[in-house]
Amino acid sequence: MSERLAFGYGTSGHNGGTPARRGASDAAVAPGADGAPAVQAPAPARSRRLLVSDKPDAAFIGLMIFTALLFFRPQDQIPALNSLHLAELSAIAALGAMVTGRMSRGLTFSRVTPELSGVVLMGAIIVFMAPFSIWPGGSIATFTEIYSKIILIFILIVNTLTSRKRLEQFVWLIVLASGYIALRAVVDAARGINLVENGRVQGAVGGMFKNPNDLALNMVAVLPLAASLVLRSAGLMRRGCASLCALLMVGAIIGSQSRSGTIGLLVMAGILGVQLVRRTPAVAFAGVLALLLALPLVPGGYWHRLSSITDQTQDDTGSREARQTLLRESFVAFLQHPLTGVGAGQFKNYDPEHREQPWRESHDIILQVAAELGIAGLATLLFLIARAGMAGFQAQRLLRRARGVRGRRGTPNGTAVVTDEEAEWFQWHSAAMTAALAGWFFCALFASVAYNWTFYYLLALATAPREILVDRLAAARPAKSTAQPAPALQEARA
């Protein structure tokens, strides 16, 4: 079933909307002076049911609560909260509200996007390959304890981030939560506590932030979002808050002394810098100047660890050589099990006689999935990464199309499908997501994070603008054609 939406576009820059009843239309169609269909004013808002709104509903509130619990992890500080299962309860309630709301509007239980199909396919591969795993129970546990939750939350995100305002609020939550994690890391580094491996700070909370490299990866992935809020937020206080979060994230990356995090940071900063030079050269120049002035403040231990990237003699822990060995062993495992892999999450338990680094992860997301899920899993991962990279270009193409139909008869009330302010916000968000995904990818080339939350949140954030714009363009079509989706809009997702 196509998800045809009808919106009333106000002057506030955010979309509110209502559904046409199935088989009916919100507006009557009459021929215009030139023979083109003209749309009369839609029915009063109070007589129509709300479909897409900036106003938070139960599903969106549940998603925000789950994400806050995932990032802030209060259960790490208050162990008694573990028994309450707050994250699980908020997710279940949100999913129930989402499905109920969609079914009450005559829609399927979830909208379907290529990315969602890929995420579900990855889960199916994990389950299907489990019987061939070196430890089937461990592979099933990887699905039930981790990946099944990723699938459900991804479904929730796809179906709830349906307006620009909701997307912005969601981004703010992630930036503030990451800023909090970064603040604790910076404070711990300054105090000399919570350190590992000769002075590397690790996350003050567990989960996907505990390991220093994972901490740096998450900071690199969220930093462009903080930068976009600095550039696009209204009000000095909001910009100051986003700026502080961005600075703390950089401090956390430095405190982690992560070589992969530094590489990802440089790649991300380079892509973001290109966008800034094209749009706001003065801001780009100010950023470079601030970076140069801050270099003397970086501790010497950070530079010493970075030097081991090119000089193996500077690697005091031997991790550089161990990673090279693990990369080779991961590739060998893939060659020995190309169709089935050794099982999701089981490379660390894979212990043939020739292994030199047993009981350790592969430390490369590509080889991790290749070794654990075989060719099918690798192809699905590469598909999802490619889709994430394409999302920004798809959104830009849809923005150009949306601007082209502004003021044309056939748009509700003859108003803009996308305001200039909204278009600029979407452009900055897409640019930030491109930089975030590039930074994440280069960090992930040195980490086993295929079943971690970070990528799937980034994937959903990258594709949300495209889906919002597809819905708006569909709603702007003449009412007489609402029975079938526009082929051009379907192609926008392809």
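A brief report on the enclosed structure follows. The structure displayed is predicted, hence computed values, not measured ones. (Residues numbered from 1 in each chain as written. Predicted model: local features only at pLDDT ≥ 70, side-chain atom pairs only at ≥ 80, totals over all residues. Heavy atoms only, no water.)

Looking at the overall build of the protein
Logical step 1: Each helix and strand in the protein was counted, giving 15 helices and six strands.
Logical step 2: Out of the 494 residues in the protein, the part that is buried amounts to 52%.
Logical step 3: Partitioning the intrachain contacts of the protein with sequence separation of at least 6 by distance along the chain shows that 75% fall at a separation of at least 24.
Logical step 4: As displayed, the protein offers around 21,400 Å² of accessible surface, 65% of which is attributable to carbon and sulfur atoms. (Helix = DSSP H or I, 4+ residues; strand = E, 2+ residues; numbered from the N terminus. Buried < 20%, exposed > 50% of the residue type's maximum accessible area, 1.4 Å probe, protein only. Contact = heavy atoms within 4.5 Å. Areas by Shrake-Rupley, 256 points an atom, 1.4 Å probe, with all protein chains shown as cover.)

A look at the environment of His85
Logical step 1: Here His85 shows up in the loop between α1 (58-72) and α2 (86-104).
Logical step 2: In this structure, the C-alpha to C-alpha distance between His85 and Gln75, residues ten residues apart in sequence, is 9.3 Å.

Overview of the layout of surface pockets
Logical step 1: Space inside the largest pocket adds up to approximately 1,600 Å³.
Logical step 2: Along the wall of the largest pocket there are 42 residues; nearest its centre are Leu223, Leu247, Val250, Gly287 and Leu291.
Logical step 3: Looking at the lining of the largest pocket, the elements that each hand over two or more residues are α5 (164-191), α6 (212-232), α7 (236-256), α8 (259-279), α9 (281-294) and α10 (300-307).
Logical step 4: If you tally residues by element for the lining of the largest pocket, the top one is α8, at ten residues. (1 Å grid on protein atoms, 1.4 Å probe; cavity = no way out; pocket = protein on both sides within 12 Å on 5 of 7 lines; lining within 4 Å. Points joined across faces, edges and corners; volume = space filled by probe spheres on them.)

Structural notes on the nonpolar core
Logical step 1: Tyr147, Trp440 and Tyr457 are the most contacted members of the largest nonpolar core, which has 108 residues in total.
Logical step 2: For this core, the leading source of residues is helix α14 (residues 453-475), giving 14 residues.
Logical step 3: Filtering out sequence-adjacent residues up to four positions away, Trp440 remains in contact with Leu217, Val220, Ala221, Ile365, Ile385, Val449, Thr454, Phe455 and Leu458.
Logical step 4: If you look at the next biggest cluster of nonpolar residues, it comprises six residues, including Leu326, Ala333, Phe347 and Ala371. (Core = buried A, V, L, I, M, F, W, Y, C linked by side-chain atoms within 4.5 Å.)

Section: the packing of aromatic side chains
Logical step 1: This model, assessed by the stated rule, comprises 15 aromatic pairs.
Logical step 2: Summarising the aromatic geometry, the rings of Trp425 and Phe426 are spaced 5.7 Å apart at their centres and angled 80 degrees between planes, so their arrangement reads as edge-to-face. For the pair shown, Trp425 and Phe426 are each scored as buried.
Logical step 3: Taken together, the ring pairs connect Phe66, Phe71, Phe170, Phe209, Trp453 and Tyr457 into an aromatic cluster.
Logical step 4: It is Arg355 that lies over the ring of Phe347; its NZ or CZ is 4.2 Å from the centre. (Phe/Tyr/Trp six-rings, centres within 6.5 Å; stacked < 30°, edge-to-face > 60°. Lys NZ or Arg CZ within 6 Å of the ring centre and 35° of its normal.)

Thoughts on unusual backbone geometry
Logical step 1: Unlike most non-glycine residues, His85 shows phi in positive territory, near 50 degrees.
Logical step 2: Positioned with a positive phi, Asn198 is a non-glycine residue whose angle comes to about 60 degrees.
Logical step 3: Locating Asn198 in the fold gives a position in the loop between β5 (195-196) and β6 (200-201).

Considerations on α7
Logical step 1: With 21 residues, α7 extends 30 Å from end C-alpha to end C-alpha; this agrees with the ideal 30 Å at 1.5 Å per step.
Logical step 2: Of all the positions in α7, only Ala242, Cys245, Ala246, Leu248, Met249, Ala252, Ile253, Ile254, Gly255 and Ser256 are classed as buried.
Logical step 3: Buried residues belonging to α7 abut α5, β6, α6, α8 and α10.
Logical step 4: The first or second residue beyond α7 is Gln257, which carries a positive phi of 55 degrees. (Expected span 1.5 Å × (residues − 1).)

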